[in-house]
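Residue strings, one per chain:
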Amino acid sequence: MMLTAVRALFDYHYSAYDQVWRSVMELSREQFVQERDYSLGSVRNQLVHVMNVDDRWLSRLQNQQPTENLVFGDFPDQQSLWQKWALIRGSVQDYVLGLSREQLEETVELHFPGRGGSHRNTRWQILLHVVNHGTDHRAQILTLLHDLGGETFEQDLILHLWSQEER
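All values derive from a computational prediction rather than experimental measurement. (Residues numbered from 1 in each chain as written. Predicted model: local features only at pLDDT ≥ 70, side-chain atom pairs only at ≥ 80, totals over all residues. Heavy atoms only, no water.)

## Some words on helix H4 (residues 78-98)
Since there are 3.6 residues in each turn of an α-helix, residues three or four apart along the chain are aligned in direction. In a regular helix each residue adds 1.5 Å, so 21 residues correspond to 30 Å; H4 covers 30 Å between its end C-alpha atoms and thus fits that length. Gln78, Leu81, Trp85, Ile88, Arg89, Val92, Tyr95 and Val96 are the residues of H4 that are buried. The arc that holds every buried residue of H4, seen down its axis, measures 125 degrees, which confines them to one face. Facing away from the buried side of H4 by more than 90 degrees, the exposed set consists of Leu87, Asp94, Leu97 and Gly98. (Helix = DSSP H or I, 4+ residues; strand = E, 2+ residues; numbered from the N terminus. Expected span 1.5 Å × (residues − 1). Buried < 20%, exposed > 50% of the residue type's maximum accessible area, 1.4 Å probe, protein only. Arc of directions from axis to C-beta.)

## Considerations on the pattern of salt bridges
Counting across every chain of the model gives four salt bridges. We note a salt bridge from Asp18 to Arg89, for which the minimum N-O separation is 2.3 Å. Of the two residues, Asp18 is situated in helix H1 (residues 2-24) and Arg89 in helix H4; the sequence distance between them amounts to 71 residues. When the shortest N-O distance is used, the salt bridge between Glu109 and Arg120 registers 3.4 Å. On the criterion of sequence distance, the pair formed by Glu109 in strand E1 (residues 107-112) and Arg120 in strand E2 (residues 117-122) is long-range, its members being eleven residues apart. (Salt bridge = Lys/Arg side-chain N within 4 Å of Asp/Glu carboxyl O.)

## Some details on the side chain of Asp55
Residue position: Asp55 is located in helix H3 (residues 43-61). At 5.7 Å, Lys84 is the nearest oppositely charged side chain to Asp55, a buried residue that forms no salt bridge. Excluding its chain neighbours within four sequence positions, the residues that come into contact with Asp55 are Thr67 and Ile88. (Lys, Arg positive; Asp, Glu negative; His and termini not counted. Contact = heavy atoms within 4.5 Å.)

## With respect to unusual backbone geometry
Excluding glycine, residues mostly have negative phi values, and the peptide bonds linking residues are mostly trans. The residue Asn63 is not glycine, and still its phi comes out positive at about 60 degrees. Among the residues examined, Asn63 registers a relative accessible area of 67% and is labelled exposed.

So this is what it looks like as structure tokens:
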């Protein structure tokens, strides 16, 4: 059950981002990088942040040193960011699909000097955190898209699950 649930949540996570990307691709380059007085600023910055988080958690889950954070300015337009997004997304999805039930229950030790030192969490808890974090930032991106006149959508998990029934 847990393995199926985690996989379903990551399917939801990236399917919802597919919808975000459809709206993001309709923005002008100027709108994409336009600084806003909200959260991380631009739509681009929000997406780079989510990529950083997904990629760095993946590194930690694989017992690797987290990658360096991507720099907002390295992505001047949607296409340059999309290419990197696709790579990170593919790596995360491959990882999640390759997990066993036993691996989900394993405890991972994490070191965050600025957040109280060492912490121990199961792999499934960390993966749920990644999806939850993505939901928070999608909501922020949807606000920015709305303010820029872009198309938005409902991102409820149940709507995603219902759409899967229709397949």
